[in-house]
Amino acid sequence: MIASLLGFTTVAALLTISPGPDFAVVLRTALGSGRRAALCSALGISTGCFVWGLAGAIGLTAMLSASETAYRVLGLAGALYLMWLGVQALRSARRGRTAGRTETTGPGQGTGRETAAGGGQAQAAGATKDALATPLGAFRTGLLTNVLNPKVGVVYMSLLPQFIPHGAPVVATTLLLVTVHAALGVLWLGGVALAVHRARAVFQRPRVRRRLDQATGGMLLALGAAVGFETAR
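All figures in this text were calculated on a predicted structure; none of them were measured in a lab.

S.K.: What exactly am I supposed to notice about the confidence of the model for the protein chain here?
M.R.: Note that predicted coordinates carrying low pLDDT should not be read in detail. Confidence along the protein chain averages 75 in pLDDT terms, with 73% of residues attaining 70 or more. The secondary-structure element of the protein chain with the lowest mean pLDDT is helix 6 (residues 112-131), recorded at 42, while helix 7 (residues 135-147) shows the highest, at 91. Every residue in residues 107-132 scores below 50 in pLDDT, and together they form 24 contacts with partners more than four places removed in sequence or on other chains.

Given below as structure tokens:
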């Protein structure tokens, strides 16, 4: 069992740090809603691991893999969800750009101070709208990001049995391995959230924030498109 745990921990660590939807979602949440919401998003993603782990242990993942229609429906739902998150990030970047233009140009009859105040209010409104993402909402976003990704279930179905010793209880051992993976995910994604929070003075600069929103939005759109294409292929 110890050898199985060590081997699985190594593989799970490599899977955890690989860039993917989870990383993009936590980064986006940390930028838009702060450290607490980003940590809740990471917890939601880890909870999704337990959902897939239990599903795999009782055979639902195998059934999903065997049913091409069910796999495609879930995969397309996940792709659309990722693309929707990407669109939200790009809309946030566009709001920031509009606020910046208002601040620099403004109405012709207003004073520079009034114009800056108006632009600042518009930017604050956009930031406030992002900040309305509650910890529960962030948790739900992370959970859905993982649960709507059938590749997680397929990976669990193909990977976990290799690390379950002969004669060991399947459900209990599966949950133990999933706990290791979930803990690694919380540590890695939580570290990302804390790093973004520590550098918030830089990330909250309007131009930097817009670029990051554009980057994460484009990443989520690309990931969603890739998942959709692979699912429909």
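S.K.: How should helix 1 (residues 2-17) be read in this particular structure?
M.R.: Residues separated by three or four positions in an α-helix point in the same direction, a consequence of the helix having 3.6 residues per turn. An ideal rise of 1.5 Å per residue puts 22 Å on 16 residues; helix 1 measures up with 23 Å between its terminal C-alpha atoms. Within helix 1, the full set of buried residues consists of S4, F8, A12 and T16. An end-on view of helix 1 places all buried positions within 90° of arc, on one side of the element. Projecting away from the buried face of helix 1 at angles above 90 degrees are the exposed residues I2, A3, L6, T10 and L14. Each element contacted by the buried residues of helix 1 is listed here: helix 8 (150-159) and helix 9 (170-198).

S.K.: What exactly am I supposed to notice about the layout of surface pockets here?
M.R.: Any empty space left between atoms is shown by rolling a water-sized probe over those atoms. Each pocket or cavity is described by its volume, and for the largest pocket that value is around 660 Å³. In terms of lining residues, the largest pocket is bounded by 28 residues, among which L15, P21, D22, N149 and V152 are the most central. Where the lining of the largest pocket is concerned, the elements lending two or more residues are helix 1, helix 2 (21-33), helix 3 (35-57), helix 8, helix 9 and helix 11 (206-232). Taken together, the residues of the lining of the largest pocket sort by class into 17 nonpolar, 8 polar and 3 charged.

S.K.: Quick question: what am I supposed to make of the packing of helix 1 against helix 9 here?
M.R.: When two helices pack together, you describe them by how their axes are tilted relative to each other and by the distance separating the axes. Where helix 1 contacts helix 9, the axes come no closer than 9 Å and their chain directions differ by 40°. In terms of orientation, helix 1 and helix 9 fall into the oblique class. Considering only the axes of helix 1 and helix 9, their crossing is right-handed. For the pair formed by helix 1 and helix 9, the contact residues are L5, F8, T9, A12, A13, T16 and I17 on the first element and L176, L177, V180, H181, L184, G185 and W188 on the second. A per-class count over the contact of helix 1 with helix 9 returns 10 nonpolar, 4 polar and no charged.

S.K.: Sorry if this is basic, but what is going on with the packing of aromatic side chains here?
M.R.: Centre distance and the angle of the planes are the two values used to describe a pair of aromatic rings. Summed over the entire model, instances satisfying the criterion amount to 1 aromatic pair. Where F8 meets F163, the ring centres are 5.6 Å apart and the plane angle is 70°; that geometry is what we call edge-to-face. Remark: F163 occurs in the loop between helix 8 and helix 9 and F8 occurs in helix 1; sequence separation between them is 155 residues. The pair F8 / F163 is uniform in exposure class, with both members buried.

S.K.: Whenever I open this one, the environment of G224 confuses me. Can you help?
M.R.: Turning to its location among the elements, G224 is positioned in helix 11. For G224, a relative accessible area of 0% translates into the label buried. Separated by 143 residues in sequence, G224 and Y81 place their C-alpha atoms 7.5 Å apart.

Scoring rules and cut-offs
- Residues numbered from 1 in each chain as written.
- Predicted model: local features only at pLDDT ≥ 70, side-chain atom pairs only at ≥ 80, totals over all residues.
- Heavy atoms only, no water.
- pLDDT = per-residue confidence, 0-100.
- Helix = DSSP H or I, 4+ residues; strand = E, 2+ residues; numbered from the N terminus.
- Contact = heavy atoms within 4.5 Å.
- Expected span 1.5 Å × (residues − 1).
- Buried < 20%, exposed > 50% of the residue type's maximum accessible area, 1.4 Å probe, protein only.
- Arc of directions from axis to C-beta.
- 1 Å grid on protein atoms, 1.4 Å probe; cavity = no way out; pocket = protein on both sides within 12 Å on 5 of 7 lines; lining within 4 Å.
- Points joined across faces, edges and corners; volume = space filled by probe spheres on them.
- Nonpolar A, V, L, I, M, F, W, Y, C, P; charged D, E, K, R; others polar.
- Axes fitted to C-alpha atoms, helices over the stretch in contact; angles between N-to-C directions.
- Parallel < 35°, antiparallel > 145°, perpendicular 65-115°, else oblique.
- Left-handed = near helix turned anticlockwise from the far one by under 90°.
- Phe/Tyr/Trp six-rings, centres within 6.5 Å; stacked < 30°, edge-to-face > 60°.

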